[in-house]
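Working through the structure, step by step
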Amino acid sequence: MSTAILNQTAQQEVHGEAHHEHHHQETFITKYIFSQDHKMIAKQFLITGIIWAFIGGLFSVVFRLQLADPNATYPFLEDFLGHWAKGGKIQPEFYYALVTMHGTILVFFVLTAGLSGTFANFLIPLQIGARDMASPMLNMLSYWFFFLASVIMMSSLFVQTGPASGGWTIYPPLSALGEASSGSKIGMDLWLVSMAMFIVSSLLGGLNYITTILNMRTKGMSMTRMPLTIWALFFTAVLGVLSFPVLLSGAILLLFDRNLGTSFYLSDIVVAGKIMPNEGGSAILFQHLFWFLGHPEVYIILLPAMGMSSEILSVNSRKPIFGYMAMVGSLFAITILAFLVWAHHMFVTGLNPFLGSVFVLLTLLIAVPSAIKVFNWLTTLWRGNIRFTPAMMFAIGFVSLFISGGLTGIFLGNSALDIHLHDTYFVIAHFHIVMGVASFFGLYAGVYHWFPKMFGRHLNNTLSYVHFWITIVGAYLIFWPMHYEGLAGMPRRYYDFSNWESFKNFGGLNQFISIIALLVFAAQLLFVINFFYSIWKGRKVTTLNPWNANTLEWTTPIRPGHGNWPGDIPEVHRWPYDYAKDGKDFIPQNVPVGDDESKH
Amino acid sequence: MEKEVIKPKNKIHPHKFTLWVGIGSIVMMFAGLTSAYIVKRNQAGWVSYNLPTAFWYSTIVILLSSLTVHLAEKAFKVRQMSKYRKLMAATLLLGLIFIVTQVIGFNEFWKMGMTLQANVSFSFLYVIVGLHAVHVVGGVVAMIVMSLKAFSQKSRSYSIVPVQLISTYWHFVDILWVYLLIFLIMIK
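Residues numbered from 1 in each chain as written. Chains lettered and ligands numbered in written order. Predicted model: local features only at pLDDT ≥ 70, side-chain atom pairs only at ≥ 80, totals over all residues.

**A look at the overall build of chain A**
Assigned secondary structure in chain A consists of 17 helices and four strands. For chain A, whose C-alpha radius of gyration is 25 Å, the value lies close to the compact-globule estimate of 25 Å for 600 residues. Taken along its principal axes, the extent of the C-alpha atoms in chain A is 80 × 55 × 55 Å. Out of the 600 residues belonging to chain A, those deemed buried represent 54%. Looking at chain A alone, contacts between residues at least 24 apart form 80% of all its contacts between residues at least 6 apart. (Helix = DSSP H or I, 4+ residues; strand = E, 2+ residues; numbered from the N terminus. Rg over C-alpha atoms; globule rule 2.2 N^0.38 Å. Buried ≥ 20, exposed ≤ 12 C-beta atoms within 10 Å, placed from the backbone. Contact = placed C-beta atoms within 7 Å.)

If you want it as structure tokens, here you go:
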């Protein structure tokens, strides 16, 4: 009993502190730089993520130039890139650095930190009715570790031997031996140190998200009344907290191999005629440790997009989400299965075929919760009173891409087919559609939907629609043809396909893909312009609840201060999906249940 | 229509909860390392070894420190502050002795020819035991910060939460050590 009282007072202290800070005079530094306000931290994550997305996207444009015509020279590139583009020709080492960094940046810095860092920070306290995160301090540290990771990764781009270039999966021995390639030298060390910082950032963030969701919900906000965004962000955080440490241990062993002469991953290797002293290690061990994170990572990227799309589809269909509990259940099932399928990335490593078939079964099982989610999204849209806002367009686009990309996952999940398709453009097409572009659509949907809450202004609608149409059409035009290239056996990561008789005929197709990629990249600049212009010059938001949504973030002032609600935190009396109920268009969560109200 | 009843909840303090999730995360890290160890052990070139004797002293020391931190927490609860301070100081000292015995153990191991690079099995021992020691150092640093606060006249914190946090974490590194010890003895 006494501990209970102590706990309660402690909790009041936490709340009190957060509320108290609101009245402090905030300086530029405490408000915009070392801010402990979850909303500001979310914006910091978002803007850093946008900068990274620009860099990562630009890299893909440069390597698509190479793929479009392997023999072409682009003299202007030499001005920017120096010896990496001698005589305007992209060098092979540089090509590998580009694809490696493109993957690293987009997977970790944009779609992990930029996506869940932004929306977990922004939405969790606002949607569950809390003044801030459980520990605003850890939250601030989480951003600054990410910033540090960013600075280190950025600096690796400028070292003389170049950044890491052994692929974003950093398989040893390429990543473990400095002698292996120019990108295996200092660039690789910086990559590992940067990722260690990044993992610390993700863990601090994840700890906070889980604790906040489980402990800081407002009165009446039971778990089953939480918006699906929060459920998705919750499972994302659980995945991160349990899988990132395993990558960290893998990375530590790799650092030992690189710098202290151990042989965890190395055995019997000859580099340029020189026999390496390492013995007794196994490169496959690294793949196990890497993919134990690597596969959950796919869902760390995808789940927030699923959650936000669920919310946006319901709000803009003016209908309750179909099958709320099934949605939560399928998120849970995906989370569990995410930990049990990592070896499907390793079917060609000499894995025991029996073990392989177990992983095939578990992998194909993911189709079940995925199909439940797709069914529920479509039935939510069915006969809805749909408002095609830009956010809604992107959410529908997400569902489309998730279906297209998910179906090819069923191909790849079969070990028999995967032996043929492994490391071809079919894989590239699959994961770009289902994880890359789909999650980007979730990210865009989120930004378009919550921009008014973030900045108190609206984005320009025309630019938003142009952005949407070019992106969705472009994404399909880029990745659809890659399926055919992959089925024909065209391998990924190759610098020059014109050397092979069998792939020569794909020259025209590669050129087409590159042109579209350039256009799609340009369309993303429209978004960037729209985003930054609207922060300062966009149309001002004049109503508290511009989308007529039910969730709590729309009960805060148009530009909420630190502490979110000036008075008491609202109490919650219902689930967040009371749309089109009893003749009313929508009933926000904080409205008490009437005596004559029907059940949902 | 049922009227909703909002029950007051006996919630765990958010910082404590954060710690528990963090512990889960650390467990995953060691689970990753020890599974890698098991996989490696079944491959060619594995060399068995015996643990250095200093590690047995480490075990006694860390078990004792778990007891002192537990008693310190109890003393704090009943506001016996001088007893609490003595017990905290004892825990801190035992923590430092633990680190020293670990270093002695590593030395012993190294001198018997079992160096970091000699074989993967030894490399694993250094990494796994070393990472655990890093976690103990983290606890010692946290304890020093808290002790400085407790001894300073200016700030008198009477919240039990930080004490409970340290205590929980300390028991955790203790249990983790016992697990690693049994693991390294059983599977070598």
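**Describing the overall build of chain B**
Along the backbone of chain B there are five helices and zero strands. In sequence order, the secondary structure elements of chain B are arranged as α-α-α-α-α. For 188 residues, the compact-globule estimate of 2.2 N^0.38 gives 16 Å, and the C-alpha radius of gyration of chain B, at 20 Å, exceeds that figure by more than 25%. Each of the three principal axes of chain B carries a C-alpha extent, and together these read 65 × 55 × 25 Å. The buried share among the 188 residues of chain B stands at 32%. For chain B, the proportion of contacts with a sequence separation of at least 24, taken over those separated by at least 6, is 82%.

**What to know about the packing of helix H1 (residues 14-41) of chain B against helix H5 (residues 161-186) of chain B**
Residue and element names in this part refer to chain B. At a closest axis distance of 11 Å, the pairing of H1 and H5 adopts a crossing angle of 15°. Put simply, H1 runs roughly parallel to H5. Of the two possible hands of crossing, H1 and H5 adopt the one that is right-handed. Touching His 15, Lys 16, Leu 19, Ile 23, Phe 30 and Thr 34 of H1 are Val 161, Gln 164, Leu 165, Thr 168, Tyr 169, Phe 172, Leu 176 and Phe 183, all from H5. Considered class by class, the residues forming the contact of H1 with H5 number nine nonpolar, four polar and one charged. (Axes fitted to C-alpha atoms, helices over the stretch in contact; angles between N-to-C directions. Parallel < 35°, antiparallel > 145°, perpendicular 65-115°, else oblique. Left-handed = near helix turned anticlockwise from the far one by under 90°. Nonpolar A, V, L, I, M, F, W, Y, C, P; charged D, E, K, R; others polar.)

**Observations regarding helix H6 (residues 136-156) of chain A**
The end-to-end C-alpha separation of H6(A) is 31 Å, in line with the 30 Å expected for 21 residues at 1.5 Å each. Here H6(A) has its buried residues at Pro136(A), Asn139(A), Met140(A), Ser142(A), Tyr143(A), Phe145(A), Phe146(A), Ala149(A), Ser150(A), Met153(A) and Ser156(A). (Expected span 1.5 Å × (residues − 1).)

**Side note on the nonpolar core**
All names here are of chain A. Grouped together as the largest cluster of nonpolar side chains are 195 residues, with contacts concentrated most on Leu 233, Phe 234, Phe 394, Phe 398, Ala 438, Phe 441 and Ala 445. By residue number, the principal contributor to this core is helix H5 (residues 92-128), which donates 22 residues. Each residue touching Phe 441, except ones within four places of it in the same chain, is listed here: Ala 305, Phe 394, Gly 397, Phe 398 and Leu 401. (Core = buried A, V, L, I, M, F, W, Y, C linked by C-beta atoms within 7 Å.)

**Quick word on the environment of Gln127(A)**
Here Gln127(A) is to be found in helix H5. Beyond its immediate sequence surroundings of up to four residues, Gln127(A) is in contact with Pro227(A), Thr229(A), Ile230(A), Thr551(A), Leu552(A) and Glu553(A).

**A few points about helix H13 (residues 390-413) of chain A**
Spanning 24 residues, H13(A) covers 34 Å between terminal C-alpha atoms, matching the ideal 34 Å at 1.5 Å per step. Along H13(A), 18 of the 24 residues are buried, which leaves the element largely enclosed by surrounding structure.

**Looking at unusual backbone geometry**
Residue and element names in this part refer to chain A. Put simply, Pro 172 and Pro 173 share a cis peptide bond, and its omega is 5°. Within the secondary structure, Pro 173 sits in the loop between H6 and helix H7 (186-215). Phi at Asn 564 is positive, roughly 70°, even though this residue is not glycine. Looking at the element boundaries, Asn 564 is found in the loop between helix H17 (507-537) and strand S3 (579-581). Located in the positive-phi region is Ala 580, a residue other than glycine, with phi close to 50°. Mapped onto the elements of the fold, Ala 580 is located in strand S3.

**Overview of the confidence of the model for chain A**
On average, residues of chain A score 92 in pLDDT, and 96% of them reach the 70 mark or higher. The low-confidence segment residues 1-23 of chain A (pLDDT under 50) makes 22 contacts with residues lying over four places distant or belonging to another chain. (pLDDT = per-residue confidence, 0-100.)

**Focus on the environment of Lys31(A)**
Residue and element names in this part refer to chain A. Mapping Lys 31 onto the fold places it in helix H2 (residues 28-33). When the C-alpha atoms of Lys 31 and His 562 are compared, they prove to be 9.3 Å apart, with 531 residues separating the residues in sequence. Residue contacts for Lys 31: discarding those within four places in its chain leaves Glu 26 and Met 40.

**Looking at the environment of Ser330(A)**
Residues and elements named next belong to chain A. Assignment of secondary structure puts Ser 330 in helix H10 (residues 324-338). The buried category is assigned to Ser 330, around which 22 C-beta atoms lie within 10 Å. Sequence separation of Ser 330 and Lys 373 is 43 residues, and the distance between their C-alpha atoms is 7.0 Å. Apart from the residues lying within four places of it in its own chain, the contact partners of Ser 330 are Pro 369, Ile 372 and Lys 373.

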